[in-house]
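Next come the chains, spelled out residue by residue.
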Protein chains: 4
Amino acid sequence: MIIVLKPEATEADANEILDKISSLGLKPLYMPGVERTVLGALGDERVLRQLHLDSYPMVDEVKPILSPYKLVARELQAHDSIISIGGVKVGGGNFTVIAGPCSVESKEQLFGIAEMLKAQHIPLLRGGAYKPRTSPYSFQGLGEEGLALLKSAKDVYGMPVVSEIIDPIDADLMSDYVDCYQIGARNMQNFRLLEAVGKQKKPVLLKRGMSATIEELLLAAEYIINAGNPNVILCERGIRTFETATRNTLDLNAVALLKQKTHLPVFVDPSHGTGVKSLINPLSRAAAAVGADGIIVETHLNPKEALSDGHQALTADDFSQLMADIKPFISAAGKQL
Amino acid sequence: MIIVLKPEATEADANEILDKISSLGLKPLYMPGVERTVLGALGDERVLRQLHLDSYPMVDEVKPILSPYKLVARELQAHDSIISIGGVKVGGGNFTVIAGPCSVESKEQLFGIAEMLKAQHIPLLRGGAYKPRTSPYSFQGLGEEGLALLKSAKDVYGMPVVSEIIDPIDADLMSDYVDCYQIGARNMQNFRLLEAVGKQKKPVLLKRGMSATIEELLLAAEYIINAGNPNVILCERGIRTFETATRNTLDLNAVALLKQKTHLPVFVDPSHGTGVKSLINPLSRAAAAVGADGIIVETHLNPKEALSDGHQALTADDFSQLMADIKPFISAAGKQL
Amino acid sequence: MIIVLKPEATEADANEILDKISSLGLKPLYMPGVERTVLGALGDERVLRQLHLDSYPMVDEVKPILSPYKLVARELQAHDSIISIGGVKVGGGNFTVIAGPCSVESKEQLFGIAEMLKAQHIPLLRGGAYKPRTSPYSFQGLGEEGLALLKSAKDVYGMPVVSEIIDPIDADLMSDYVDCYQIGARNMQNFRLLEAVGKQKKPVLLKRGMSATIEELLLAAEYIINAGNPNVILCERGIRTFETATRNTLDLNAVALLKQKTHLPVFVDPSHGTGVKSLINPLSRAAAAVGADGIIVETHLNPKEALSDGHQALTADDFSQLMADIKPFISAAGKQL
Amino acid sequence: MIIVLKPEATEADANEILDKISSLGLKPLYMPGVERTVLGALGDERVLRQLHLDSYPMVDEVKPILSPYKLVARELQAHDSIISIGGVKVGGGNFTVIAGPCSVESKEQLFGIAEMLKAQHIPLLRGGAYKPRTSPYSFQGLGEEGLALLKSAKDVYGMPVVSEIIDPIDADLMSDYVDCYQIGARNMQNFRLLEAVGKQKKPVLLKRGMSATIEELLLAAEYIINAGNPNVILCERGIRTFETATRNTLDLNAVALLKQKTHLPVFVDPSHGTGVKSLINPLSRAAAAVGADGIIVETHLNPKEALSDGHQALTADDFSQLMADIKPFISAAGKQL
């Protein structure tokens, strides 16, 4: 339920209503705006109706939240959320590029890539230390050693780092090393994992599951915010369809719809979304045009020797070309790199 | 099989080889270029190998065409095909907007829309006279009366017209009325229909089937060209996936991949590709950014009273907004409206 | 709208109401039953409401038909339709096997297969004369020559024949040769083709489109019946999904649901539904168990030399094994072979 | 790599080879059979080739394992695995029914259902204590209290129990309460969870992810066995497709293919696989016919008041009908209930 206060309402008025909401066992939300304050009440619909908040003199309007998700809904917060990853602002008018290797493989590999990206003014570095792999016989990542390498890369190159979490038990440990948790497609509905990062303070890049609906993605984000962490960035990374010419089908309909349904930033992963190196460039341009807040791209200085996903990794030259090509579309979208 | 001639080869040299190809019952292709001439030979692989064309002195190189499609492949023709719809050039550096109602409903309706589009400098008018409808009880289109209305709209407003064909038997009749045949998603593998328009001279806008792979779309185009009509424009219109928040999932991966695999122009239909009015604008921008050669959009001056697909039709104001919003992305893509 | 008459209503009472229905431009249906007569009225909902049929003394109950399909609905006809293919009864308590080659290739091939099937007591022979092929360079079928071969096989072996139609223009010609039209998955929404066979008297085996919903399949059948031909047999042949280990995903949920929603017989095509020879046997057993009225299976005496779909064709031995294995499941389902 | 020993080989011969395999850092497997012993060696392909095992006199044949999965492959073990859930044998010639509520809600609810099932001679009880729910606002299960109720139901009714695990951290705790872990569709690629149950001794019922390929399912099972627990039962529970008339599309192709590819038992969940109560009965019959080793079904004495998935729960009467209907098909399949 959304409670819009009158312009002349004071903070004391708001607090009175918030106390009332709490007293009935409901979850109160306080959202002060420039012109007027909006409050929220979440919980059992039957109890919500007993509040009779429209009878308070300082209440202008009371509206139900119609969607099954609440905290992530634009109905609740009309303006874009801007989220800080280690000081780098994501969302709002910014278009942000996150890049790096699929897996952290060695200091040499990671630092080489970071140096290349730094030269291209890329603000954020990604790299996997815990790798969810389809086969138990594939490279599973360097684990904490990989996290430590990410942290030193950050220290050397000044780029905050993003890395994937695959087990709730790692949440505290990882917060010592990384600036942003990534939750991968296969774990989008690993609800204990969502709750674990929901109890952390650092932001979460939440990827859409490979056959998750848009509503299921928003509800997964709702799990994180409901557990206490409002810093969620959504990421479309391609869905699984009948088409086999591309690894996945990048769903840009979803990006446009998400931008209307939620105030959270929405990213696009054209590397997994296509799985074809030559398609990353055009789909990155399309992502900027459709209204995405950024892209996350896999890069490798020597893709043939990559321990995972080398076929879709951009080289230094590819990456430089991508940055040149995408800029006019970011400008056309009215955003800043 | 592609036969690249030496730069000094003459037309007589080419003809000698073409005769040889024909004499074995194979299909010869003659593709003169600026620097050198390329020939093609299509047919049974075992017969092709008997040609031994590499032994001809004027032949520089003989290459197999690896893809199952031949005539549509960029391997065969490296430069973009430019196709004329009633004098309007489509493809190459052009970005072309085709717009109009889903169904032609009346003179008043069609002329009203055409006038609005003309004021927006839209070059091509679309409208359905034969409507393939899921239910036999839905409006099936005005038939020949609708075609006649399209022709008069063309005469009055100077906009060549595009309309859907659903039966091979209508191919001749329709050529008196329309400038471009449209083949809808449900008929993409109606092979007799492909052959029928393949025997016509007017261009064909071929929509991807709702669960057709990219390769199947290219092979459907191959049917038309193989029957004699090289003027084919492909159109991505959304595929059927598990997602229900949008009517279809617009597959822009496919557009980028098609631009690499074929020399034919590739259009996008954001109206059917999303089925949600508020998504047509962002997905049209994305279509321009990803490299499409144009869009085909449904418009209606009074969508609530439309006899089909009113929910996804743009009003005059919506359409004007779309044109304003898409322009910077067409420029960023280096194309001209 | 369904109009249930009182047990004592006479034929004259029924005719009075049918005349009333016709006089308003609606379509009347007459369905006499053992205990009481049921009438139907199809057409514009607003006109239907003006009938006020519940005020007639001989009318017991008036019910709307809630589904978008009417003539195919079990709401309208509670008992199973039994359809005759050249004298062979399909549906009701029968489980019918239709078998034969994907394509008719030669007299020798077709007669060899027919002889083998006859020895197995298979009542109906299938074979394609017009083949819808993904590539224009694949074998397209023998055309009318193939139809003539089917007719002679029927004359020799006494097996009525089923063959695919791909163009409305062939409907009359084919009725001279075949006992049942087949409409393939790619043409399920070729509405002119549906109307063309709807004007014929011989039955139609209608295959589900590869991404058609169950409702769309029922509406396609409705097109045929609405055009005048009530003899429609539905066929589930696998849908297109993300899974690539099988050619299609056979949807037996659909078979069970169709048996509840419609009175028409429902067949299963395990050959296309799996595309894997070793899976045809278990999926045929499952088809019998789930309630299908029969299967249609591809056979070939020499699959390696088949001109189409050899990889999924059963040999004489395979077929004999299939028949042995499926029998206990047909009995368990309470049906007769 | 599979190493088939000669019939006369002794255990000492086998041990010599196993030691050799271990000494190179590879994983040795010992599979004694009735007629001859088979050994396995898993690990880096290049190292495997260095073994030169075919030069050992007691080795009859050395074959590579071609599939990406090894331990689950029928290539490695030709006979069916039989797995004990609390003493109840699953797989081989048995057809086993597991039934119970979606969620454990109360002692009264659980015991009522268990009593009903016991009267139907159902050997195994299922019930969820940790519920993975799409929305954070839905009932999340009773947790450990639910586990305790399951254990008392087992003590009272003598039915071993199956319950879902959603977090690796719960593996030890749950082993005190349940006889079989269930891993749900959303967690099929939660690799840490697979490893956690792989370190336990109790069997695991592993459900296919809603868009997981058959190969991915087998590789998920490989994770569990590779971690040390060979007691894995696979479960097909419907995949996500475009069809919306059913909740999921039950993929019985997959069941038949799995029975050929792996020696593990394969179950079917018709409750989630259809999501439609009236379809559970026919699809259970089809599951028996296609070769499944059992079904897992949701039941509730009062579905309208169920806290989750009530719409697909069978009542006592429904369940009794199901058991009566499925029996002839289990017999036809040559299995025992």
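Residues numbered from 1 in each chain as written. Chains lettered and ligands numbered in written order. Predicted model: local features only at pLDDT ≥ 70, side-chain atom pairs only at ≥ 80, totals over all residues. Heavy atoms only, no water.

The name recorded for chain A in an unreviewed UniProt entry is 3-deoxy-7-phosphoheptulonate synthase, from Thalassotalea eurytherma.

Caption draft 1: Expanded view of the overall build of chain A. The helix and strand inventory of chain A stands at 11 helices and 14 strands. Taken over C-alpha atoms, the radius of gyration comes to 21 Å for chain A, in line with the 20 Å a tight globule of 337 residues would show. Counting all 337 residues of chain A, 63% fall into the buried class. When contacts within chain A are restricted to residue pairs at least 6 apart in sequence, those whose partners lie at least 24 apart make up 68%. About 12,000 Å² of surface is accessible on chain A, with carbon and sulfur atoms providing 49% of the total. Computed over 34 positive and 40 negative side-chain charges, the separation of the two mean positions in chain A equals 2 Å. (Helix = DSSP H or I, 4+ residues; strand = E, 2+ residues; numbered from the N terminus. Rg over C-alpha atoms; globule rule 2.2 N^0.38 Å. Buried < 20%, exposed > 50% of the residue type's maximum accessible area, 1.4 Å probe, protein only. Contact = heavy atoms within 4.5 Å. Areas by Shrake-Rupley, 256 points an atom, 1.4 Å probe, with all protein chains shown as cover. Lys, Arg positive; Asp, Glu negative; His and termini not counted. Charge placed at Lys NZ, Arg CZ, Asp CG, Glu CD.)

Caption draft 2: Looking closely at the pattern of salt bridges. A full pass over the atoms with the stated rule returns 60 salt bridges over all chains. Residue A:Lys259 is joined to A:Asp293 by a salt bridge in which the shortest nitrogen-to-oxygen separation is 2.7 Å. Separated by 34 residues along the polypeptide, A:Lys259 in helix α8 (residues 252-261) and A:Asp293 in the loop between α10 (277-290) and β14 (294-298) bring together distant segments of the chain. A:Asp293 matches A:Lys259 in its accessibility class, with the two residues each being buried. When the shortest N-O distance is used, the salt bridge between C:Asp309 and C:Arg247 registers 3.3 Å. Of this pair, C:Asp309 sits in the loop between β14 (294-298) and α11 (316-332) while C:Arg247 sits in the loop between β12 (232-236) and α8 (252-261), and the two are 62 residues apart along the sequence. (Salt bridge = Lys/Arg side-chain N within 4 Å of Asp/Glu carboxyl O.)

Caption draft 3: Structural view of the domain arrangement of chain A. Taken as a whole, chain A is organised into domain 1 (2-63) and domain 2 (83-332). Relative to domain 2 of chain A, the C-alpha centre of domain 1 of chain A lies at a distance of 37 Å. (Domains from an automatic or database assignment.)

Caption draft 4: Seen up close, unusual backbone geometry. All names here are of chain A. For histidine 121, which is not a glycine, the phi torsion comes out positive at approximately 65°. Mapped onto the elements of the fold, histidine 121 is located in the loop between α3 (107-119) and β8 (124-126). By relative accessible area, which is 71% here, histidine 121 ends up exposed.

Caption draft 5: Quick look at the sheet that holds strand β2 (residues 27-32) of chain A. Residue and element names in this part refer to chain A. The strand order β2-β3-β1-β4 describes an open sheet built from 4 strands, whose pairing is antiparallel. Strands with a single pairing partner mark the edges of an open sheet, and in this sheet they are β2 and β4 (59-63). Looking at each pair of strands side by side, their axes are set apart by 20° on average, direction ignored. Two strands pair when backbone bridges link them, and β2 and strand β3 (residues 37-42) are joined in this way by 6 bridges, in the antiparallel orientation. Within the sheet, the bridge partner assigned to leucine 29 lies in β3 and is glycine 40. Across the sheet, helix α1 (residues 11-23) lies against β1 (2-5), β2, β3 and β4, angled at about 160° from β2, the strand it touches most. (Pairing = 2+ DSSP bridges. Axes fitted to C-alpha atoms, helices over the stretch in contact; angles between N-to-C directions.)

Caption draft 6: Geometry of the interface of chain B and chain D. Between chain B and chain D, the residue contacts involve 4 residues of the former and 4 residues of the latter. Counting the surface lost from both chain B and chain D, the interface buries some 290 Å², and carbon and sulfur atoms represent 81% of this. The interface formed by chain B and chain D contains 0 salt bridges. Counting across the interface, chain B meets chain D through 0 residue pairs in polar contact (both at pLDDT 80 or more). Considered class by class, the residues forming the side of chain B that touches chain D number 1 nonpolar, 2 polar and 1 charged. (Buried area = accessible area lost by both parts, 1.4 Å probe. Polar contact = N/O pair within 3.5 Å; in protein donor to acceptor, adjacent residues only side chain to side chain. Nonpolar A, V, L, I, M, F, W, Y, C, P; charged D, E, K, R; others polar.)

Caption draft 7: Expanded view of the relation of the copies chain B and chain D. Overlay of chain B on chain D (RMSD 0.1 Å): rotation 180°, translation along the axis 0.1 Å. The transformation relating the two chain copies, once decomposed into turn and shift, fits a two-fold axis. Scanning chain B for the C-alpha nearest the rotation axis identifies B:Phe242, at a separation of 2.2 Å. Both copies present the same face, since 100% of the interface residues in chain B are matched by interface residues at the equivalent positions in chain D. (Least-squares fit on C-alpha atoms with pLDDT ≥ 70 in both.)

Caption draft 8: Structural view of the sheet that holds strand β4 (residues 59-63) of chain B. Residues and elements named next belong to chain B. An order of β2-β3-β1-β4 is seen for the 4 strands of this open sheet, with the pairing classed as antiparallel. The sheet terminates laterally at β2 (27-32) and β4, the two strands that pair on one side only. Strand-to-strand twist of the sheet, defined as the mean angle between neighbouring strand axes without regard to direction, takes the value 20°. Across the sheet, helix α1 (residues 11-23) lies against β1 (2-5), β2, β3 (37-42) and β4, angled at about 160° from β2, the strand it touches most.

Caption draft 9: Structural context of the interface of chain A and chain B. Tallying the contact residues gives 37 residues for chain A and 37 residues for chain B. Linking chain A to chain B there are 2 salt bridges. Among the salt bridges present, the one from B:Arg208 reaches A:Glu243, with a minimum N-O distance of 2.8 Å. Between chain A and chain B we count 12 residue pairs in polar contact (both at pLDDT 80 or more) in total. Elements supplying a minimum of two residues to the side of chain A that touches chain B: α8, α9 (270-274), α10 and α11 (316-332) of chain A. The leading source of residues in the side of chain A that touches chain B is α10(A), at 8 residues. A per-class count over the side of chain A that touches chain B returns 20 nonpolar, 12 polar and 5 charged.

Caption draft 10: Main features of helix α8 (residues 252-261) of chain B. All names here are of chain B. With respect to burial, α8 is a largely interior element, 8 of its 10 residues being buried. Considered for burial, the residues of α8 that qualify are Leu252, Asn253, Ala254, Val255, Ala256, Leu257, Leu258 and Lys259. Regarding α8, its N-cap is aspartate 251, as a side-chain oxygen of that residue lies 3.2 Å from the backbone nitrogen of asparagine 253 further along.

Caption draft 11: Highlighting the environment of B:Ser211. As for its position among the elements, B:Ser211 is in the loop between β11 (204-207) and α7 (214-226). Taking the C-alpha atoms as reference points, B:Ser211 and B:Ala185, 26 residues apart in sequence, are found 8.9 Å from one another. Within polar-contact distance, the side chain of B:Ser211 engages the side chain of C:Ser211 at 3.1 Å.

Caption draft 12: Region of interest: helix α4 (residues 144-157) of chain C. Residues and elements named next belong to chain C. The terminal C-alpha atoms of α4 lie 20 Å apart, and with 14 residues this matches the ideal 20 Å at 1.5 Å per residue to within 8%. The set of residues buried in α4 consists of Gly146, Leu147, Leu149, Leu150, Ala153 and Tyr157. Viewed end-on, α4 has its buried residues packed into an arc of 160°, placing them on one side of the element. Turned more than 90 degrees away from the buried face of α4, the exposed residues are Glu145 and Asp155. Two residues or fewer past α4, glycine 158 is found with a positive phi of approximately 70°. (Expected span 1.5 Å × (residues − 1). Arc of directions from axis to C-beta.)

Caption draft 13: Seen up close, the side chain of A:Asp251. Structurally, A:Asp251 is set in the loop between β12 (232-236) and α8. Since its relative accessible area comes to 0%, A:Asp251 is described here as buried. Separated by 3.2 Å, the side chain of A:Asp251 and the backbone nitrogen of A:Ala254 make a polar contact. Setting aside anything within four residues of it in sequence, one finds A:Asp251 in contact with A:Arg208, A:Glu236, A:Ile239 and B:Thr249.

Caption draft 14: Representation of the packing of aromatic side chains. One pass over the full model with this rule turns up 8 aromatic pairs over all chains. Between B:Phe111 and B:Tyr157 the ring centres are 5.6 Å apart and the planes differ by 80°, which places this aromatic pair in the edge-to-face class. On the criterion of sequence distance, the pair formed by B:Phe111 in helix α3 (residues 107-119) and B:Tyr157 in helix α4 (residues 144-157) is long-range, its members being 46 residues apart. Neither B:Phe111 nor B:Tyr157 differs from the other in exposure class; each is buried. The positively charged end of A:Lys107 is found above the aromatic ring belonging to A:Phe111, 5.2 Å away from the centroid. Over the ring of A:Tyr130 we find D:Arg192, and its NZ or CZ is 5.1 Å from the ring centre. (Phe/Tyr/Trp six-rings, centres within 6.5 Å; stacked < 30°, edge-to-face > 60°. Lys NZ or Arg CZ within 6 Å of the ring centre and 35° of its normal.)

Caption draft 15: How the structure looks around the relation of the copies chain A and chain B. You can overlay chain A on chain B at an RMSD of 0.1 Å; the transform is a turn of 180° with a shift of 0.0 Å along its axis. Most of the interface of chain A is mirrored in chain B, where 100% of its interface residues are also at the interface.

Caption draft 16: Region of interest: the pairing of strand β7 (residues 96-100) of chain A. Residue and element names in this part refer to chain A. Within β7, 5 of the 5 residues are buried, which leaves the element mostly enclosed by the surrounding structure. Of the strand pairs in this sheet, β7 and β14 are connected by 5 bridges, and their pairing is parallel. Paired with glycine 100 across the strands is glutamate 298, a residue of β14. With 2 bridges joining them, β7 and β8 adopt parallel strand pairing.

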